[in-house]
Amino acid sequence: MVEIVFLGTGGGRFNLVKQIRRTGGFRLNGSLSIHVDPGPGALFGCQMFGQDAEKTDVIVVTHNHIDHMNDVNLLIEAMADGWRVKKRGLLVASSSVIEGDEKGDRGVSRFHLERLEKFMMAKPGDRLELEREGRKADFVATKAKHDDESDFGFVISMDGCKVGYTSDTEYFEGLGRQYAGCDVLVANCLKPKEDGIPGHLSSAATVKLASEAKPGLLVLTHLGMSMLKAGPEKEAEAIGKKSGVKTVAARDGMRIDAEKFNISFA
Ligand SMILES: [Zn+2]
Ligand SMILES: [Zn+2]
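Along each chain, residues carry numbers from 1 onward, in the same order as the chain's sequence is written. Chains carry letters and ligands carry numbers; both start at the beginning, A for chains and 1 for ligands, and go up in the order they are written. Local features in a predicted model are, by the rule used here, given only for residues with pLDDT of at least 70; side-chain atom pairs are given and counted only at 80 or more, and totals for whole chains, interfaces and linings are based on all residues. The side-chain values count all of the structure's non-hydrogen atoms but skip hydrogen atoms and water molecules.

S.K.: Tell me about a negative patch on the surface, residues and numbers included.
M.R.: Among the surface-exposed residues, E102, D105, D147 and E149 lie close enough to one another that they form a single negatively charged patch. Structurally, E102 is set in the loop between helix 5 (95–98) and helix 6 (110–113). Patches here are clusters of residues that have more than 30% relative accessible area and form no salt bridge, with a 9 Å joining cutoff for like charges and a 5 Å cutoff for nonpolar side chains (Val, Leu, Ile, Met, Phe, Trp, Tyr). Surface accessibility in these figures is a Shrake-Rupley result with a 1.4 Å probe; residues are shielded only by whichever protein chains are displayed. Salt bridges are counted wherever a side-chain nitrogen of Lys or Arg sits within 4 Å of a carboxyl oxygen of Asp or Glu. Counted as positive: Lys and Arg. Counted as negative: Asp and Glu, with His and the chain ends omitted from the count. Where a charge lies is defined by one atom per residue type: Lys uses NZ, Arg uses CZ, Asp uses CG and Glu uses CD. Where helices and strands are cited, they refer to DSSP runs of H or I of at least four residues and of E of at least two residues respectively, numbered from the N terminus.

The following block contains the structure:
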C-alpha cells in the first residue's frame, strides 16, 4: 500500500510568507519513504503530522525555488543520521538544485551532498531505479514548463501503485499524456478558474490535464491565495465534473491511500 501525506498544500508568495497553508511538500510512504519538495516547514511538518524524517529513504526536489527546496539540507541532516556515521539516503533533484541555476545559486550544500549514499540529477525523460536495502521504486521524470528550466515532474511506481506529480508547470501540449495510467495524480494548481499565470496551472488548465491523463484520483495542491479564496473544494468539484475525473483538494495533514483513495487526517 502506498499512502500520500500532505505536509503543506500552500502555493504562491503569500502562503510562503504567512504560512496560511503550510509549504513542507508531501510524502509517499510505501516500500520506500519518499519526501517530495521539502519547502519551508518540511521538517516541522514531519513532526506535526506523524512522519519520521529520520526514516526518509529518498528526497525528491523538482526545482530550485525556495517553496520546494528550502528544507532539503535540514532533511538530509535528519535522514543521514548525523555527519559522523556512514552515508545514508538518496537525493533526486534538478540540475539547478545540485549544480546551481544560471546565477550559480544551488539548493543543496556540498557538505550535505557528501552525507548521501547517492545523489542523482534527473531531467525529463530519465528513468531511475530508486533502491535502498532491497526496497525499490521506479522513477520516471516528466517534462514541466516553468521558469526554472531544469524543473521536472515525475511518475513513481511503487508497490503496484503509480503516483504522478506535475510539480510547478504551465499547461502545454502533451502534459497530460505523461501521466496516463496513474492511480493518483498530484497537480500543482495555483490559481482558480481561468486565472492563468505563466509557469503555473489554473483550474481551467487542470481540466485539460485531467481529461488527458485520466488518473483514478486527481489531487490539487500548491494552492495560491486566489485559489483559497475561491474555495479549493468547489474548484475540485468543478474540475471533476468537467473532466470526469474524481478530484479532491488537498489539505495540510491529509493522508490518501493511493489504491482505494480513502482519505484521513494525521
Ligand atoms: Zn516554482
Ligand atoms: Zn512553487
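S.K.: Got a sec to walk through the pattern of salt bridges? Specific residues and values, please.
M.R.: One pass over the structure, following the stated rule, counts 16 salt bridges. Notably, a salt bridge pairs K123 with D126, separated by 3.3 Å at the nearest N-O pair. Judged by relative accessible area, K123 falls into the exposed class, the value being 53%. For D195, the salt bridge goes to K191, with nearest N and O atoms at 3.8 Å. Exposure is judged per residue with a 1.4 Å probe applied to protein chains only, and the accessible area is read against the type maximum: over 50% gives exposed, under 20% gives buried, and values in between give partly exposed. The exposure class of D195 is partly exposed, given its relative accessible area of 32%. Linked through salt bridges whose partners overlap, the residues forming this network are D57, E117, R132, E133 and R135.

S.K.: Mind laying out the layout of surface pockets, listing which residues take part and the relevant values?
M.R.: Leftover empty space is mapped by rolling, across the atoms, a probe with the size of a water molecule. A 1.4 Å probe that fits into a set of points on a 1 Å grid over the protein atoms alone but cannot get out defines a cavity; an open set with protein on both sides within 12 Å along at least five of seven lines defines a pocket, and lining residues are those with an atom within 4 Å of a point. Grid points are joined across faces, edges and corners, and a volume is the space filled by probe spheres set on the points. If you add up the space inside the largest pocket, you get close to 220 Å³. Around the largest pocket sit 13 residues that line it, and H65, D101, E102, D147 and D148 are the ones nearest its centre. Residues are grouped as follows: Ala, Val, Leu, Ile, Met, Phe, Trp, Tyr, Cys and Pro are nonpolar; Asp, Glu, Lys and Arg are charged; all remaining types, including Gly, are polar. In terms of residue class, the lining of the largest pocket is built from no nonpolar, 6 polar and 7 charged. If you trace the second largest pocket, you find it lined by G12, R13, L16, H65, I66, D67, H146, D147, D168, L190, H200 and H222. Among the secondary structure elements, those contributing two or more residues to the lining of the second largest pocket are helix 1 (12–18) and helix 3 (66–69).

S.K.: So, the coordination of the zinc ion (ligand 1): which residues are in play, and what are the values?
M.R.: Listed donors are limited to N, O and S atoms within 2.8 Å of the metal, widened to 3.2 Å for Na, K and Ca; water is not among them, so incomplete-looking sites are possible. Summarising the metal site, the zinc ion (ligand 1) is bound by the protein donors H63 (NE2), H65 (ND1), H146 (NE2) and D168 (OD), whose distances to it range over 2.1 to 2.4 Å. The rule is simple: four donors are tetrahedral if all their angles sit between 85 and 135 degrees, four are square planar and six octahedral if opposite donors span more than 155 degrees and the others lie between 65 and 115, and anything that fits none of that is irregular. Coordination geometry of the zinc ion (ligand 1): the 4 donor atoms subtend angles of 93 to 168° at the metal centre, consistent with an arrangement described as irregular. Read in sequence order, the donor residues for the zinc ion (ligand 1) give the motif H-x1-H-x80-H-x21-D. A spacing of 3.5 Å is found between the zinc ion (ligand 1) and the zinc ion (ligand 2), which share D168 as a donor. Residue H65 is found in the loop between strand 4 (58–61) and helix 3, and its partner H146 is found in the loop between strand 8 (135–143) and strand 9 (152–158); the two are separated by 81 residues along the sequence.

S.K.: Give a detailed account of empty space enclosed by the protein, specifying residues and quantitative values.
M.R.: Under the defined criterion, the tally for this structure stands at 1 cavity of 30 Å³ or more. Looking at the largest cavity, its volume works out to about 130 Å³. Taken together, 14 residues make up the lining of the largest cavity; nearest its centre are G8, G10, G25, Y165 and H222. Residue classes in the lining of the largest cavity are distributed as 3 nonpolar, 9 polar and 2 charged.

S.K.: Describe in detail the packing of helix 7 (residues 203–213) against helix 9 (residues 232–243), supporting the description with residues and values.
M.R.: Running from N to C, helix 7 and helix 9 cross one another at 40°; their axes reach a closest spacing of 9 Å. Between helix 7 and helix 9, the crossing angle belongs to the class labelled oblique. When the axes of helix 7 and helix 9 are compared, the crossing they make is right-handed. Along its contact with helix 7, which presents S203, T206, V207, A210 and S211, the element helix 9 presents E235, I239, K242 and S243. To get an axis, a line is fitted to the C-alpha atoms, and for a helix only the part in contact is used. The angle between two axes follows their N-to-C directions and goes from 0 to 180 degrees. Relative orientations are named as follows: roughly parallel for angles under 35 degrees, roughly antiparallel for angles over 145 degrees, roughly perpendicular for angles from 65 to 115 degrees, and oblique for any other angle. Crossings are assigned a handedness: left-handed for a near helix turned anticlockwise from the far helix by less than a right angle, right-handed for a clockwise turn. Whether two residues touch is decided by their heavy atoms; if any such pair falls within 4.5 Å, the residues are in contact.

S.K.: Describe in detail the sheet that holds strand 2 (residues 26–29), supporting the description with residues and values.
M.R.: Two strands qualify as a pair provided that DSSP identifies no fewer than 2 bridges between them. Taken in spatial order, the 8 strands line up as 6-5-4-3-2-1-15-16 in an open sheet, and their pairing is mixed. In the strand order of this sheet, the two ends are held by strand 6 (118–121) and strand 16 (263–265), each with one partner. For this sheet, the mean inter-axis angle between neighbouring strands, taken without regard to orientation, is 20°. Across 3 bridges, strand 1 (residues 3–6) lies against strand 15 (residues 254–257) in antiparallel orientation. Note that in strand 15 the partner of V5 across the bridge is R255.

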